[in-house]
Amino acid sequence: MPQIPLSTYRLQLYAGFTFEDAAGVADYIEALGISHVYCSPYLQAVSGSTHGYDVVDHQRPNEELGGEEGHSLFCQRLKDLGLGQVLDIVPNHMALGEQNRYWWDVIENGPSSRYATWFDIDWHSAEVKLQNKVLIPVLDDQYGRVLSSGRIRMEYTGERFQIRYVDNLFPVAPRSLSSLLTRAAEYAHNDTLHFIAASFLALPSPDSIDRGAASARHRDKTVIYGLLKQLCEKQPEVQAAISRGVDELNHEIDALDDVLNQQSYRLAYWPTADQELGYRRFFDVNTLIGLRMEREHVFEATHCRILKWLEDGTLDGVRIDHPDGLRDPLQYFERLRKRAPDAWIIGEKILEPGEFLRESWPIQGTSGYDFMNVCNRLIVHGEGLIELTKTYSEFTNEPIDFAELSHQKKQMVEQEALGSDINRLASLFVEICENNRDRRDYTRAEIRRALREVASFFPVYRTYVVADRDRIVDEDHANIEKAIALAKDRRQDLDAGLFDFIADVLTLRVRGKVESEFLMRFQQFTSTVMAKGVEDTAFYCFNRMIGLNEVGNDPGCDGISVAEFHDYSAKMQATHPLTMTTLSTHDTKRADDVRARLATITEIPGRWRAVLNRWSRMNAQFRTANFPDRNTECFLYQTLIGAWPVTKDRLTAYMEKATREAKQQTGWTQQNKEFEEALRNFIERILESPEFIAELEAFVGRVLQAGRINSLVQTLVKFTAPGVPDTYQGSELWDLSLVDPDNRRPVDYETRRTILNDLKKGMLAEEIMREIDRGVPKMWVTHKALSLRRQHPEWFGADAGYTPLLAEGLKREHVVAYLRGSHVVTIVPRWTLKLGDSWASTTLNLPQGNWKNALTGDVIKGGRLRVQTLLQHFPVALLTRETE
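Residues numbered from 1 in each chain as written. Predicted model: local features only at pLDDT ≥ 70, side-chain atom pairs only at ≥ 80, totals over all residues. Heavy atoms only, no water.

**Remarks on the overall build of the chain**
Next up, step 1: A count of helical and extended segments in the chain gives 32 helices and 25 strands.
Next up, step 2: The C-alpha radius of gyration of the chain comes to 30 Å, within 12% of the 29 Å expected for a compact globule of 884 residues.
Next up, step 3: Reported as C-alpha extents along the three principal axes, the dimensions of the chain are approximately 100 × 65 × 60 Å.
Next up, step 4: Buried positions account for 61% of the 884 residues belonging to the chain.
Next up, step 5: Considering only contacts within the chain whose residues lie at least 6 apart along the sequence, 74% involve residues at least 24 apart.
Next up, step 6: Here the chain displays about 33,500 Å² of accessible surface, and carbon together with sulfur accounts for 48% of that area.
Next up, step 7: The positive charge centre, built from 106 side chains, and the negative charge centre, built from 127, are 2 Å apart in the chain. (Helix = DSSP H or I, 4+ residues; strand = E, 2+ residues; numbered from the N terminus. Rg over C-alpha atoms; globule rule 2.2 N^0.38 Å. Buried < 20%, exposed > 50% of the residue type's maximum accessible area, 1.4 Å probe, protein only. Contact = heavy atoms within 4.5 Å. Areas by Shrake-Rupley, 256 points an atom, 1.4 Å probe, with all protein chains shown as cover. Lys, Arg positive; Asp, Glu negative; His and termini not counted. Charge placed at Lys NZ, Arg CZ, Asp CG, Glu CD.)

Encoded structure:
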């Protein structure tokens, strides 16, 4: 039976860190106190994948990681050490390309492919030219120009026919080979080849979706290819004739164009994807195609290996990547839970502030972004953030209304990167209106504008309404009505009745087959709009305090109170006590230690204002043609404070990614080379400026200790608050990583082994604090908290309880304390820069009994105690009740 994890340790597997490497550090992970290794996706992915989310085969472990043998040895090593395993899985999408045999079959055989039902493809596009075709936007110029230049060619390997464009390969539809093989048969004077050519032409049309016809087509095609192979092996002159025909075809542009037009795909210039793509993607990534996971046969085929591992004990749990991309997430979770009733299942569900995971979902919780953001908001200073708003506005002249900025960026991505998604939705809604005589005169253009507006005002990632189940809850209804009201108010140039009609469809007041299809697709779309418009754009534009710019957070918020933190924790204990708690993931914009240090700026907003203006004046000499702009400059200085020391190469790569994501001065598809060169030069020059570096290091030196205390605060809370704590690889020591790929750099496990061994030999709290530069205090908190969870899992489980302990005195808002069950007390400070060295007689009423601080060894008697006494030997306290 699967075991619910007490804790997890995330490992990022790729060709540079394989199953063998993971097995090699498993003993260290166990010694640290972890109960479960938590692996990034490791089913077969695209060659060279660095993350594993681009799956091409769900049936086998990734060959680049060690394949079946390496996986077996890794899993056996975990079992030998008593470690469980959790795996990240990807149900929403697969990668395109020849390595994906299912996709290859689809673009070879069109709608009649055995796997056409796997993928979310619109075979009946409103564009006539794309009827029963898949648009593949990979060309670097207009199709005709690329074809005329000879860069699109047919290849014949003796085994198969394929179309090549640079490094991209595509199959050839069997029927389209008929004329080529007929010509080759004439060259070879071979009647059998004539028969094979005619047989290919006689295959059923690829447009047929009849399952019987599709099965017969596949059978006959396989037989015909077999005959062709045998013929070529026995008569080499036939193969030579075919090669001659292929070579001639490649020199006859019109004939090659005719063959290409017979394919079930259409090669196109890459910008066409924004408006005409006919398949659902992962966000706006053209190489990741959506799966129809709602179809049971697709679920079974893609999950058979995962379910086997859950059944035989190889896995104890799974993390579900991007469930909001699924057509019906609840249906998916119900199906998974039915097949794995005892597994620990968490979903990468992004919750907005104030939103909570649906209690109806049969999973243990989320992947922890909600917890991370609550911790983040807890350690920033609200009044300081208000001052930072004024500083940011005056320095950059950028908008300070984050909600408005988010709306603008959502609109931008809807019109550009997500234009094809909007067009697909608009076509469905046009059909709905055509079937309703009271609505039939709304134009396609009006509908597109209205849909963009409604989606851009959605306050959450998506709703979960399902017409077939007659399912709509009050929360969904409220979010839909809010978005409609805001959209109606913003676009008074559009008929209010159109917005009302959209609301009627989204809330099931108007129903029908097309209405249901529109509803389901619209809900998938709003999560994409939020992710691309806010996460990947607005978060790189709104630079008041970049430490708050994390997935699921609201960078415009001004922190939370201690009481609000306790309310959140109590709700988690009551509803999802086994959710994941984390501080860093492979997707976070910056590591927890970077955010912890940046939070200190909110405590000294006046000093930040002064250095921001002084550094800008000091470095003005290094700007080129007014580049970088002030918003980028503000972002850069905060990054330097949070991640210092950082190398020029790391910083340059990060700033290039950040500015392209912001899409203000440059972008991924339209790069401003002048700006990017000026930014690279600016970074190089300021890092070579002794005057600036001296100032930067002086500022970092002022906040360094407070930032480290913030890190210890977050770390201890992660391990003792309701939930199952995760440690991102290597982050048990100070980690100043930035967004991926920076956070996937190799981890120095030998150093970590050495430090852990030293700690286990016995070190006093004072000795540990003297080793703070190496991160020893963070590992100490991690190890002691994990050991306590391992020794007494009942103290932290679903029945452990959560009781706030409220401080009294002038500095009571500076302390966070709580009791788990009746045995464990956590005490942490916040805002230590503003606190200074005095707690001003602030006290905490500790429950009666004798308590031992697991971090210092101090024994304390319960009752009202001074907080300063509780924290005098170590920045945070983890107390356990001594048994008599």
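**Re the environment of alanine 126**
Next up, step 1: Note on placement: alanine 126 falls in the loop between helix H3 (101-109) and strand S7 (134-139).
Next up, step 2: Residue classification places alanine 126 among the exposed positions, given a relative accessible area of 57%.
Next up, step 3: Remark: the alpha-carbon pair of alanine 126 and leucine 865, spanning 739 residues in sequence, is separated by 72 Å.

**A word on the pattern of salt bridges**
Next up, step 1: Per the counting criterion, the structure on display carries 68 salt bridges.
Next up, step 2: Where arginine 319 meets aspartate 321, a salt bridge forms, and the shortest distance between an N and an O atom there is 3.0 Å.
Next up, step 3: With relative accessibility at 2%, the residue arginine 319 sits in the buried group.
Next up, step 4: As a salt-bridge pair, lysine 488 and aspartate 500 come within 2.5 Å of each other at their nearest N and O atoms. With lysine 488 in helix H18 (residues 474-490) and aspartate 500 in helix H19 (residues 496-506), this residue pair connects regions lying 12 residues apart in the sequence.
Next up, step 5: A relative accessible area of 31% places aspartate 500 in the partly exposed class.
Next up, step 6: Linked by salt bridges that have partners in common, Asp120, Arg280, Arg292, Glu294, Arg327, Arg424, Glu517 and Arg521 make up one network. (Salt bridge = Lys/Arg side-chain N within 4 Å of Asp/Glu carboxyl O.)

**What to know about the packing of aromatic side chains**
Next up, step 1: Under the counting rule described, the total for this entry stands at 37 aromatic pairs.
Next up, step 2: Seen from their ring centres, phenylalanine 402 and phenylalanine 539 are 5.9 Å apart, and the 25° between their planes marks the pair as stacked. Of this pair, phenylalanine 402 sits in helix H15 (residues 402-415) while phenylalanine 539 is found in the loop between helix H20 (513-535) and helix H21 (562-575), placing the two residues 137 residues apart along the sequence. Just as phenylalanine 402 is buried, phenylalanine 539 falls in that class too.
Next up, step 3: Ring geometry for tryptophan 615 versus phenylalanine 692: centroids 5.3 Å apart, planes at 85°, classification edge-to-face. (Phe/Tyr/Trp six-rings, centres within 6.5 Å; stacked < 30°, edge-to-face > 60°.)

**Brief notes about the sheet that holds strand S2 (residues 36-39)**
Next up, step 1: Strands sit in the order S16-S15-S14-S5-S2-S1-S18-S17 across an open sheet of 8 strands; the sheet is parallel. The open sheet has two free edges, formed respectively by strand S16 (365-366) and strand S17 (580-581), since each of these has just one partner strand. (Pairing = 2+ DSSP bridges.)

**Things to note about the side chain of glutamine 12**
Next up, step 1: Here glutamine 12 lies in the loop between strand S1 (8-11) and helix H1 (19-32).
Next up, step 2: Judged by relative accessible area, which is 2%, glutamine 12 ranks as buried.
Next up, step 3: A distance of 2.5 Å separates the side chain of glutamine 12 from the side chain of arginine 10, its partner in a polar contact.
Next up, step 4: Ignoring sequence-local partners within four residues, the contact set of glutamine 12 consists of Phe17, Ser40, His586, Tyr728, Gln729 and Arg744. (Polar contact = N/O pair within 3.5 Å; in protein donor to acceptor, adjacent residues only side chain to side chain.)

**So, the sheet that holds strand S10 (residues 168-171)**
In sheet architecture, strand pairing relies on hydrogen bonds along the backbone and comes in two forms, parallel and antiparallel.
Next up, step 1: Here we have 3 strands laid out as an open sheet, ordered S8-S9-S10, and antiparallel in their pairing. Edge positions in the sheet fall to strand S8 (152-156) and S10, since each of these pairs with one other strand and no more. Pairs of neighbouring strands in the sheet enclose a mean axial angle of 30°, with direction left out of account. (Axes fitted to C-alpha atoms, helices over the stretch in contact; angles between N-to-C directions.)

**What to know about a nonpolar patch on the surface**
Next up, step 1: Taken together, the side chains of Phe195, Val223 and Leu227 define a hydrophobic patch exposed on the protein surface, amounting to about 280 Å² of accessible area.
Next up, step 2: Its location among the elements puts valine 223 in helix H7 (residues 211-234). (Patch = residues over 30% accessible without salt bridge, like charges linked within 9 Å, V, L, I, M, F, W, Y side chains within 5 Å.)

**Some words on the packing of helix H11 (residues 296-312) against helix H12 (residues 329-339)**
Next up, step 1: Contact geometry for H11 and H12: axes closest at 12 Å, N-to-C directions at 45°. Comparing their axes, H12 and H11 come out oblique. For the element pair H11 and H12, the recorded crossing hand is right-handed. The segment H11 lies against H12, with Glu296, Phe299, Glu300, His303 and Leu307 engaging Tyr332, Arg335, Leu336 and Arg339.
Next up, step 2: Its residues assigned to classes, the contact of H11 with H12 comprises 4 nonpolar, 1 polar and 4 charged. (Parallel < 35°, antiparallel > 145°, perpendicular 65-115°, else oblique. Left-handed = near helix turned anticlockwise from the far one by under 90°. Nonpolar A, V, L, I, M, F, W, Y, C, P; charged D, E, K, R; others polar.)

**Remarks on the nonpolar core**
Next up, step 1: Residues Phe119, Met154, Phe161, Ile242 and Leu640 are the most contacted members of the largest nonpolar core, which totals 223 residues.
Next up, step 2: The leading source of residues in this core is helix H27 (residues 690-720), at 12 residues.
Next up, step 3: Not counting residues within four places of it along the chain, the set of residues in contact with phenylalanine 119 comprises Met94, Asn100, Tyr102, Trp103, Val106, Ile289, Gly290, Leu291 and Arg292.
Next up, step 4: The next biggest cluster of nonpolar side chains, apart from the first, holds 43 residues, and it includes Tyr442, Phe458, Leu494 and Leu506. (Core = buried A, V, L, I, M, F, W, Y, C linked by side-chain atoms within 4.5 Å.)

**Digging into unusual backbone geometry**
Next up, step 1: For the bond running from phenylalanine 627 to proline 628, omega is 0°, close enough to zero to count as cis.
Next up, step 2: Along the chain, proline 628 turns up in the loop between helix H23 (605-619) and helix H24 (630-643).
Next up, step 3: Geometrically, the link from tryptophan 644 to proline 645 is a cis peptide bond, its omega value of 5° lying close to zero.
Next up, step 4: Position of proline 645 relative to the elements: it lies in the loop between H24 and helix H25 (648-662).
Next up, step 5: The phi dihedral of valine 166 falls on the positive side, at around 55°, and the residue is not glycine.
Next up, step 6: Among the structural elements, valine 166 can be located in the loop between strand S9 (161-165) and S10.
Next up, step 7: In this model, tryptophan 831 sits at a positive phi of 55°, which is unusual for a non-glycine residue.
Next up, step 8: Among the secondary structure elements, tryptophan 831 is positioned in the loop between strand S22 (824-829) and helix H31 (832-835).

**Focus: the packing of helix H14 (residues 382-396) against H23**
Next up, step 1: The N-to-C vectors of H14 and H23 enclose an angle of 20°; their axes lie 9 Å apart at closest approach. In terms of orientation, H14 and H23 fall into the roughly parallel class. Classified by chirality, the crossing of H23 by H14 is right-handed. Between H14 and H23, the contacting residues are Gly384, Glu387, Leu388, Lys390, Thr391, Glu394 and Phe395 on the first element and Pro605, Gly606, Trp608, Arg609, Leu612, Asn613 and Ser616 on the second.

**Concerning the pairing of strand S13 (residues 285-290)**
Next up, step 1: Relative to S13, strand S6 (residues 93-95) is paired through 3 bridges, and the arrangement is antiparallel. Bridged to methionine 94 within S13 is isoleucine 289.
Next up, step 2: Pairing of strand S12 (residues 281-282) with S13, which is carried by 2 bridges, proceeds in the antiparallel orientation. Its bridge partner lying in S13, phenylalanine 282 is registered against valine 285.
Next up, step 3: If you look at the hairpin formed by S12 and S13, you'll find 2 residues sitting between the two strands, and phenylalanine 283 has a positive phi there, around 55°.

**Side note on the side chain of lysine 532**
Next up, step 1: Mapped onto the secondary structure, lysine 532 falls in helix H20.
Next up, step 2: Judged by relative accessible area, which is 11%, lysine 532 ranks as buried.
Next up, step 3: A polar side-chain atom of lysine 532 sits 3.0 Å from a polar atom in the side chain of aspartate 536.
Next up, step 4: Beyond its immediate sequence surroundings of up to four residues, lysine 532 is in contact with Phe283, Asp284, Val413 and Thr537.

**Some details on helix H8 (residues 236-250)**
Next up, step 1: Spanning 15 residues, H8 covers 21 Å between terminal C-alpha atoms, matching the ideal 21 Å at 1.5 Å per step.
Next up, step 2: Taken residue by residue, H8 has Val238, Ala241, Ile242, Gly245, Val246, Leu249 and Asn250 as its buried positions.
Next up, step 3: Structurally, H8 contributes buried residues whose contacts are with S8, S9, helix H5 (178-188), helix H6 (191-201), H7 and helix H9 (253-261). (Expected span 1.5 Å × (residues − 1).)

**Considerations on the pairing of S2**
Next up, step 1: The alternating pattern of S2 places His36 and Tyr38 and Val37 and Cys39 on opposite faces, both of which are buried.
Next up, step 2: Bridge count between S1 and S2: 4 bridges; the pairing is parallel. Bridge assignment links tyrosine 9 to a residue of S2, and that residue is valine 37.
Next up, step 3: On the question of chirality, the crossover connecting S1 to the parallel S2 by way of H1 is right-handed.
Next up, step 4: When S2 meets strand S5 (residues 84-89), the two strands line up parallel, connected through 4 bridges. Looking across to S5, one finds that tyrosine 38 is bridged to valine 86. (Right-handed = clockwise from strand over helix to strand, strands pointing away.)

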